[in-house]
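Spelled out, the chains give:
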Amino acid sequence: MYKQKPKHMKINSANNINYKGHSGIVKNFKRAAGEKFAKIDQIGEGVNIALDFSGKAVLVPATIMLVSKEDKEKKEYSALKNPVAATFQLLMEVPILMLCSKYVENLANRNKLNKIGGKISYNEKYAKDNFINMLNKASSENLELEKSCKEIIEKLDKKGFGKLIKEDFEQAIESFGGNYKKELIESLKNWDLTHKRLYHLQNRVSFVAAITLTPLLCKAEDYFFPKIMNKIIKKPENNKPKKIFTLEHFKNMVSKRSAK
Amino acid sequence: MRILENKLNNFANSNFVRKHIDNCIKKPQFLTTTLLATSISKDAFAYALRVHNTLKNDEIPDDKKSFVAKMDAVTGITTTVVQLSTGLLLASKKVQDGLCNHLFSELKDNPKKFKQASSGFRAVSTLVGAKKKKKRILVPLISSPIASYLENKHKQKSNLK
């Protein structure tokens, strides 16, 4: 017998259910949050650097200023060191990450990171070409596969390879792969694995480079920090006491004149 | 350049790196712990250097030098301890399973998506928890009074002399 759907549910598509009412808001939020987290592809040094910068530049100085009981000038001096340090760190770590990643990718794709006779484990270009060639071969015999993969390849050219593109390919192959289904899935898996391997290698090389250059970063920070602080916080002019005309001065002046 | 290429080749193909990368791909918890470890080691090293440099820097006024150096030292130590403990606690399987079961209960009908959401959440929550909330708020909250206390003690000692 046909079972009627509950009134508090509205089904938009196979995976999209909208719940209504107060408890529905929480359920919808949980579902939306789950969908968002499921889309997260890979987390690496880039996220690490971004989180570090935002925390150091904003949260640390704010907390020191609010919590520390030292005098204002000392607090400012210590608190402002963090945004200065964070800026230097960002200026050093972002180019290192970008340059190292590019350099490692370049070496890997030229087969320079594979032991002679060993597995081609970091060459993403090779793995990608392998899959695309196989896909072209399968598509030439299957128009539906060609049609469904055309859009995915356009997306791939725009956004690059990632979790979502992989899932799209998997879906298309699952539906229209025909005789090539097994080989295509295997080749796609290999591409995905090589992509991840290269990504983690890039991250670790960037980390080693960043830690090696940390003394240089600290030296730069140490050199520029007092200079920046001197511009931000004016030095107290202790050496030259200000001449202020006080009531005492006025009384002395008046008494001297009256004596004359 | 040739030497660098060879060094990188040896690094990339060493047993340690290969195993490490395989673990990063297969185990989300291992990846999160690795990111935590890289972040902590960078911080600890940088703070140690900062203390050393601050104390040797003649351009920083003497009255502020000692407080800045103490603040750096205490921040470095508390950063390491707090980040490590919070990160490991948040990344632990029990905590993560509990949080994910509660947060993504609506995705339980789709095990694949549930697994993906859980692994994404694990990495983000651990890093954000350890780095932003704890390291950047809790650490200054702890280190500020400690640095002030040390500074006062230092002043008292120098006054006695």
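What you see is a predicted model, and the numbers here were worked out from it, not measured in a lab.

Trainee: Is there a simple way to think about the overall build of chain A in this case?
Mentor: Counting its regular elements, chain A contains 10 helices and two strands. Put simply, chain A runs from its N terminus to its C terminus through helices and strands in the order β-β-α-α-α-α-α-α-α-α-α-α. Here chain A holds 260 residues, and the buried ones make up 40% of them. Of the accessible surface of chain A, which amounts to about 16,600 Å², a share of 59% is contributed by carbon and sulfur atoms.

Trainee: What is the right way to read the domain arrangement of chain A from this model?
Mentor: One widely used convention gives an interface's size as the accessible area the parts lose upon coming together. All names here are of chain A. For chain A, the domain assignment lists domain 1 (45-113 + 216-232) and domain 2 (124-209). For domain 1 and domain 2, the distance between their C-alpha centres works out to 37 Å. Interface of domain 1 and domain 2: buried area, both sides summed, is about 910 Å²; carbon and sulfur atoms make up 63% of it. The interface formed by domain 1 and domain 2 contains zero salt bridges. At the junction of domain 1 with domain 2, the criterion picks out three residue pairs in polar contact (both at pLDDT 80 or more). When residues of the side of domain 1 that touches domain 2 are traced back to their parent elements, those giving at least two are α2 (45-67) and α4 (81-109). The element that contributes the greatest number of residues to the side of domain 1 that touches domain 2 is α4, accounting for eight residues.

Trainee: Is there a simple way to think about the pattern of salt bridges in this case?
Mentor: Opposite charge on two side chains permits them to pair, given that their charged atoms come into close proximity. Residue and element names in this part refer to chain A. Under the defined criterion, the tally for this structure stands at nine salt bridges over all chains. Between D129 and K125 there is a salt bridge, and its shortest N-O distance comes to 3.5 Å. Taken as a pair, D129 and K125 lie in helix α5 (residues 124-141) at a separation of four residues, close to a single helical turn. D192 is paired through a salt bridge with K166; the nearest N and O atoms lie 3.5 Å apart. Taken together, the residues span a long stretch of sequence, with D192 in helix α8 (residues 181-212) and K166 in helix α7 (residues 163-176) at a distance of 26 residues. Exposure class is identical for D192 and K166. Each is buried. Taken together, the shared-partner salt bridges connect K166, E170, D192 and K196 into one network.

Trainee: Just to check I follow, could you spell out the interface of chain B and chain A for this structure?
Mentor: Taken together, the 71 residues of chain B in the interface contact 70 residues of chain A. When the two sides are added together, the surface that chain B and chain A hide from each other amounts to roughly 6,300 Å², 62% of it contributed by carbon and sulfur. On inspection of chain B and its partner chain A, the count reaches two salt bridges. As a salt-bridge pair, E93 of chain A and K42 of chain B come within 3.4 Å of each other at their nearest N and O atoms. Taken together, the connections running from chain B to chain A amount to six residue pairs in polar contact (both at pLDDT 80 or more). Within the residue set of the side of chain B that touches chain A, elements represented by two or more residues are α1 (2-13), α2 (15-26), α3 (28-56), α4 (62-91), α5 (93-103) and α6 (111-160) of chain B. The element that contributes the greatest number of residues to the side of chain B that touches chain A is α6 of chain B, accounting for 23 residues.

Trainee: Is there a simple way to think about the side chain of E5 of chain B in this case?
Mentor: Residue position: E5 of chain B is located in helix α1. Among the residues examined, E5 of chain B registers a relative accessible area of 14% and is labelled buried.

Trainee: Sorry, what's going on with helix α9 (residues 214-232) of chain A here?
Mentor: For an α-helix the count is 3.6 residues per turn, leaving residues at separations of three or four pointing the same way. Its 19 residues give α9 of chain A an end-to-end C-alpha distance of 25 Å, which sits within 8% of 27 Å, the value for a rise of 1.5 Å per residue. If you look at α9 of chain A, its biggest bend is around 30°, right at F224 of chain A, and the proline P226 of chain A turns up within four residues after that. All of the buried residues in α9 of chain A are T214, L217, C218, E221, D222, F225, P226 and M229 of chain A. As for α9 of chain A, its buried residues are in contact with α3 (72-79), α4 and α8 of chain A together with α3 of chain B.

Trainee: Teacher, can you tell me more about the nonpolar core here?
Mentor: Counting 24 residues, the largest nonpolar core has Y77, V104, L113, Y122, L201, V205 and F225 of chain A as the members making the most contacts within it. Elements that contribute at least two residues to this core include exactly α4, α8 and α9 of chain A together with α1 and α2 of chain B. Sort the elements by how many residues they give to this core and α4 of chain A lands first, with eight residues. Apart from residues no more than four positions distant in its own chain, V205 of chain A is found in contact with C100 and V104 of chain A together with L8 and F11 of chain B. A127, L135, L184 and I185 of chain A belong to the second-largest nonpolar core, a separate cluster that totals 19 residues.

Trainee: I would appreciate a short explanation of the state of the cysteines in the present structure.
Mentor: Put plainly, two cysteines are in a disulfide when a covalent bond ties their sulfur atoms together. For the structure on display, the rule yields zero disulfides over all chains. The structure places no disulfide on C100 of chain A, whose sulfur is separated from the nearest cysteine sulfur, that of C24 of chain B, by 17 Å. For C100 of chain A, a relative accessible area of 16% translates into the label buried. Free of any disulfide, C218 of chain A has its nearest cysteine sulfur in C100 of chain A, 18 Å distant.

Trainee: It is not clear to me how the packing of α4 of chain A against α8 of chain A should be interpreted in this structure. Could you clarify?
Mentor: Between two packed helices, both the angle of their axes relative to each other and the distance between the axes serve to describe the pair. All names here are of chain A. Where α4 contacts α8, the axes come no closer than 8 Å and their chain directions differ by 135°. Here α4 lies oblique to α8, going by the angle between them. By crossing handedness, the relation of α4 to α8 is classed as right-handed. Contacts from M92, E93, I96, L97, C100, S101, V104, E105 and A108 in α4 reach L198, L201, Q202, N203, V205, S206, A209 and A210 in α8.

Trainee: Where do I start with the environment of L201 of chain A in this structure?
Mentor: Its location among the elements puts L201 of chain A in helix α8. Using a relative accessible area of 1% as the deciding quantity, one classes L201 of chain A as buried. In sequence terms L201 of chain A and F169 of chain A are 32 residues apart; their C-alpha atoms lie 25 Å from each other. In contact with L201 of chain A, other than residues within four places in its own chain, are V104, L113 and Y122 of chain A together with F11, A12, V17 and I21 of chain B.

What counts and how
Residues numbered from 1 in each chain as written. Chains lettered and ligands numbered in written order. Predicted model: local features only at pLDDT ≥ 70, side-chain atom pairs only at ≥ 80, totals over all residues. Heavy atoms only, no water. Helix = DSSP H or I, 4+ residues; strand = E, 2+ residues; numbered from the N terminus. Buried < 20%, exposed > 50% of the residue type's maximum accessible area, 1.4 Å probe, protein only. Areas by Shrake-Rupley, 256 points an atom, 1.4 Å probe, with all protein chains shown as cover. Domains from an automatic or database assignment. Buried area = accessible area lost by both parts, 1.4 Å probe. Salt bridge = Lys/Arg side-chain N within 4 Å of Asp/Glu carboxyl O. Polar contact = N/O pair within 3.5 Å; in protein donor to acceptor, adjacent residues only side chain to side chain. Contact = heavy atoms within 4.5 Å. Expected span 1.5 Å × (residues − 1). Bend = angle between axes of the 7 residues up to and from the residue. Core = buried A, V, L, I, M, F, W, Y, C linked by side-chain atoms within 4.5 Å. Disulfide = S-S within 2.5 Å. Axes fitted to C-alpha atoms, helices over the stretch in contact; angles between N-to-C directions. Parallel < 35°, antiparallel > 145°, perpendicular 65-115°, else oblique. Left-handed = near helix turned anticlockwise from the far one by under 90°.

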